[in-house]
Amino acid sequence: MSPFVWLSLLNAIDICRAISGIVWNASNQTFVPLFSIGSFSRAKDRFSNRFRSIEYHNFRKEVLVVSYYQEGRSKESNIVNFVDNDTRITGVCGDIWTTLADYLNFTLVPIKLENKNFGNELENGTFDGLLGLIQQNQSQIIPRAGAFASRLNLVEYTVPLWTIRYHLYVLPEWKHDEIWMIHLFSMELWYCVFVSLLALSLAGYAYEKISTITAREPIRCNLQDHIIYTIAIASSQGFVPPEVHKKSRIIYICTSMFSWIILIAFSSHAIYLMMNRKYVLPFAGLKDLIQTTKYDVIAFNGSMVHQDFENLASRYYKHVRDFQRVSFAPAARDLYEKVCFSKKHKYAAFEAADRHNAIGRRICPRLVPSWESYFETWISAAIKKGFPYKRSFDVGILKMIEFGLIDALKARWLNWQQESNREAPFQSIDISQVYLIFGIWMVGISVSFFLLFVENLLMLIRIRSSKRNVKRRLPPFSYQNKSVEA
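Because the structure is a prediction, the values reported are computed rather than measured.

Enquirer: Got a sec to walk through the overall build of the chain? Specific residues and values, please.
Expert: A count of helical and extended segments in the chain gives 18 helices and 16 strands. For the chain, the share of sequence-separated contacts (at least 6 apart) that also reach a separation of at least 24 residues comes to 74%.

Here's what the structure looks like:
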């Protein structure tokens, strides 16, 4: 739901009043606007003034407490960052509420929670963490919270700031395309090349057949020979008999030109595709990770979806050891350092998209999100339930969205680009990049030896059969015939 839909809901009561705002005037025998009558008009003005006083309330430097925890180190926390001895907050959410404090004229007092915990429900029905401070009336505002219906009995949510999804972030496995020679052209283009060569072969065969019929000469080559000759000319290999080449010279010139164009197009992208690497994700989602890989999952202990994530992961457990494959880190730096720099185990980080953009990309910019996403929701601020002037916050945030301040803060704190001056090291070509070339060469040699063996075998069979036929035709030889003749 966009902020403009929220604004429409806020003004729904005015729309209803406008639709039903007519009444029957008995003296004039007609319908007149409801608020043209003085008593109704004065009631409307009183209601509107009271409503506007809530929307545009002047807090007169009233103290409001905002509570959160430090997302990371002071230079890494781009969501909520405590500065000036924890007396002021910055970051994308911190700057939003600092701007609202100036606009609505209230004093913002931050409380830094040392225990990085958003809040879990305990057995006695109470909450710990940030939600516990709200429940104990020690705080009125949580600057960043996911809008979940299960917490509406404790907090209310402001106008949404942006939407998030949770992903599994992992170091990708970079691999070369082992069959890059095939992927260099699309399958449609390969089909067109083969069909074009076949068409040229048919044209050469038809041209020779027509010319031999006209000259009343026997056909020297069949269709199979023309296909072999066309492939030989296209690949600049083999030999075409001169008498065949003279009769189909135009066809073979077109074949040579066509093969050179294909060769130029192939060579222009061959080096790039041979050296290019693409990353491959080792899994598609959480279920695939737990059931088919040896990766472990690590999540932030103070996450907004801590309990929901535990329930989701438990659905995919098959063995007892799977319960130990999901762990939680007390801080964002611990989470990303395990994922990026651990050598004993392979980890995947379960993290929200905005937290990864604000913190994770600075610590480990090489992480890639999984295809599947989880717990899509709005990010807004959580206000203590029953706070009378929440609509003032909504109107202030809507004005910031209207003037583009929210987008500017997101571009400053979240959508930053990391600059790297390191040049990529030179990579030598290894056997995995060119083994297909050697494979084609070996297949060609094997086929050649096989054909040589078959031809020699057939030749031996023909020689033996011809000798047998000669012996059968010769008359029988005997010594008696020689003596009689003598």
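Enquirer: I'd like to hear about the packing of aromatic side chains, residue by residue, with values.
Expert: Here a ring pair, both rings aromatic, is described through the centre-centre distance and the interplanar angle of the planes. On inspection of all chains with the given rule, the structure shows 18 aromatic pairs. On the numbers, 5.8 Å between centres and 5 degrees between planes, the contact of F59 with F393 is stacked. Taken together, the positions of F59 in the loop between helix 3 (38–55) and strand 3 (62–68) and F393 in helix 15 (residues 390–402) put the pair 334 residues apart, joining distant regions of the chain. Like F393, F59 is buried. Ring geometry for F283 and Y295: centres 5.5 Å apart, planes at 70 degrees, overall edge-to-face.

Enquirer: Talk me through empty space enclosed by the protein; I want residue IDs and the actual numbers.
Expert: Within the structure shown, the criterion is met by one cavity of 30 Å³ or more. There is about 50 Å³ of room inside the largest cavity. Looking at the largest cavity, the residues that line it are Y68, Y69, R144, Y166, F300, G302, S303, M304, E351 and R355. A breakdown of the residues in the lining of the largest cavity according to their chemical character gives five nonpolar, two polar and three charged.

Enquirer: Give a detailed account of the side chain of H57, specifying residues and quantitative values.
Expert: As for its placement among the helices and strands, H57 is situated in the loop between helix 3 and strand 3. Taking the relative accessible area as the measure of exposure, H57 reaches 18% and is therefore buried. If near-sequence neighbours (up to four positions away) are discounted, H57 is found in contact with L104, Y389 and S392.

Enquirer: Describe the nonpolar core, listing the residues and the values that go with them.
Expert: Ranked by internal contacts, the top residues of the largest apolar core, which has 90 residues, are I96, W97, F106, W162, L286, F350 and F393. It is helix 4 (residues 91–104) that provides the largest number of residues to this core, a total of seven residues. Not counting the four nearest positions on each side in its chain, I96 is found in contact with L161, W162, M400, I406 and L409. Of all hydrophobic cores here, the second largest spans 10 residues; its members include W190, A270, L273 and L436.

Enquirer: Residue-level account of the state of the cysteines, with values.
Expert: Summed over the entire model, instances satisfying the criterion amount to one disulfide. At a sulfur-sulfur separation of 1.7 Å, the disulfide partner of C340 is C364. The sign of the -115 degrees torsion about the S-S bond sets the C340-C364 disulfide as left-handed. With C340 in helix 13 (residues 332–341) and C364 in the loop between helix 14 (353–363) and strand 15 (368–369), the pair connects residues that are 24 residues apart, well separated along the chain.

Enquirer: Mind laying out the layout of surface pockets, listing which residues take part and the relevant values?
Expert: Here the largest pocket is characterised by a volume of approximately 830 Å³. Lining the largest pocket are 23 residues; nearest its centre among them are W190, F194, L197, A234 and S235. Listed by contribution, the elements that provide at least two residues to the lining of the largest pocket are helix 6 (180–183), helix 7 (187–215), helix 8 (223–234), helix 10 (249–275) and helix 17 (431–473). Among the elements that make up the lining of the largest pocket, the one with the highest residue count is helix 7 (six residues). Partitioned by chemical class, the residues of the lining of the largest pocket number 19 nonpolar, four polar and no charged.

Enquirer: Requested: an account of helix 13, with residues and values cited.
Expert: Inspection of helix 13 places A332, R333, L335, Y336, V339 and C340 among the buried residues, and these make up the whole buried set. For helix 13, the arc enclosing every buried residue in end-on projection is 160 degrees, short of the 170-degree limit, so these residues lie on one face. Those residues of helix 13 that are buried are in contact with strand 9 (162–170), strand 12 (296–300), strand 13 (326–329), strand 14 (347–352) and helix 14.

Enquirer: Tell me about the environment of H226, and please be specific about residues and values.
Expert: Its location among the elements puts H226 in helix 8. Accessibility expressed as a relative area gives 1% for H226, which makes it buried. Along the chain, H226 and S201 lie 25 residues apart, while their C-alpha atoms are 5.4 Å from each other.

Enquirer: Any details on the environment of F309? Residues and values, ideally.
Expert: In this fold, F309 is placed in helix 12 (residues 306–314). The buried category is assigned to F309, whose relative accessible area is 1%. Residues F309 and F350, 41 residues apart in the sequence, show an inter-C-alpha distance of 9.0 Å. In this view, F309 contacts L286, V297, A299, V326, F328, F350 and F375; residues no more than four positions away in its chain are not counted.

Enquirer: Could you give me a rundown of helix 16 (residues 405–413), with the residues and numbers involved?
Expert: Each α-helix turn comprises 3.6 residues. Residues three or four places apart therefore point the same way. Taken residue by residue, helix 16 has I406, L409 and W413 as its buried positions. Looking straight down helix 16, one finds that the buried residues subtend no more than 65 degrees of arc, so they occupy a single side. Check the buried side of helix 16 and you find it contacts strand 5 (88–90), helix 4, helix 14 and helix 15.

Enquirer: Let's hear about the packing of helix 4 against helix 15: which residues, and what values?
Expert: Between helix 4 and helix 15, whose axes approach to 10 Å, the crossing angle comes to 110 degrees. The pairing of helix 4 with helix 15 is recorded here as roughly perpendicular in orientation. Our pair here, helix 4 against helix 15, has a crossing hand that is right-handed. Residues I96, W97, T99, L100, Y103 and L104 of helix 4 pack against S392, F393, G396, I397, K399 and M400 of helix 15. Among the residues making up the contact of helix 4 with helix 15, the classes are represented as eight nonpolar, three polar and one charged.

Enquirer: Explain the side chain of T293 to me, and be specific about the residues and the numbers.
Expert: Relative to the assigned elements, T293 resides in the loop between helix 11 (286–292) and strand 12. In terms of polar contacts, T293 uses its side chain to reach the backbone amide nitrogen of Y295, at 3.5 Å. If we ignore the near neighbours within four places in the chain, the residues touching T293 are P282, F283, D288 and R325.

Enquirer: How would you summarise the pairing of strand 7 (residues 141–146) if you had to cite specific residues and measurements?
Expert: For strand 7, the buried fraction is high: six of the six residues fall into the buried class. As judged from the four bridges shared by strand 7 and strand 16 (residues 374–384), these two strands associate in the antiparallel manner. Within the sheet, the bridge partner assigned to A145 lies in strand 16 and is S380.

Conventions used here
Residues numbered from 1 in each chain as written. Predicted model: local features only at pLDDT ≥ 70, side-chain atom pairs only at ≥ 80, totals over all residues. Heavy atoms only, no water. Helix = DSSP H or I, 4+ residues; strand = E, 2+ residues; numbered from the N terminus. Contact = heavy atoms within 4.5 Å. Phe/Tyr/Trp six-rings, centres within 6.5 Å; stacked < 30°, edge-to-face > 60°. Buried < 20%, exposed > 50% of the residue type's maximum accessible area, 1.4 Å probe, protein only. 1 Å grid on protein atoms, 1.4 Å probe; cavity = no way out; pocket = protein on both sides within 12 Å on 5 of 7 lines; lining within 4 Å. Points joined across faces, edges and corners; volume = space filled by probe spheres on them. Nonpolar A, V, L, I, M, F, W, Y, C, P; charged D, E, K, R; others polar. Core = buried A, V, L, I, M, F, W, Y, C linked by side-chain atoms within 4.5 Å. Disulfide = S-S within 2.5 Å. Arc of directions from axis to C-beta. Axes fitted to C-alpha atoms, helices over the stretch in contact; angles between N-to-C directions. Parallel < 35°, antiparallel > 145°, perpendicular 65-115°, else oblique. Left-handed = near helix turned anticlockwise from the far one by under 90°. Polar contact = N/O pair within 3.5 Å; in protein donor to acceptor, adjacent residues only side chain to side chain. Pairing = 2+ DSSP bridges.

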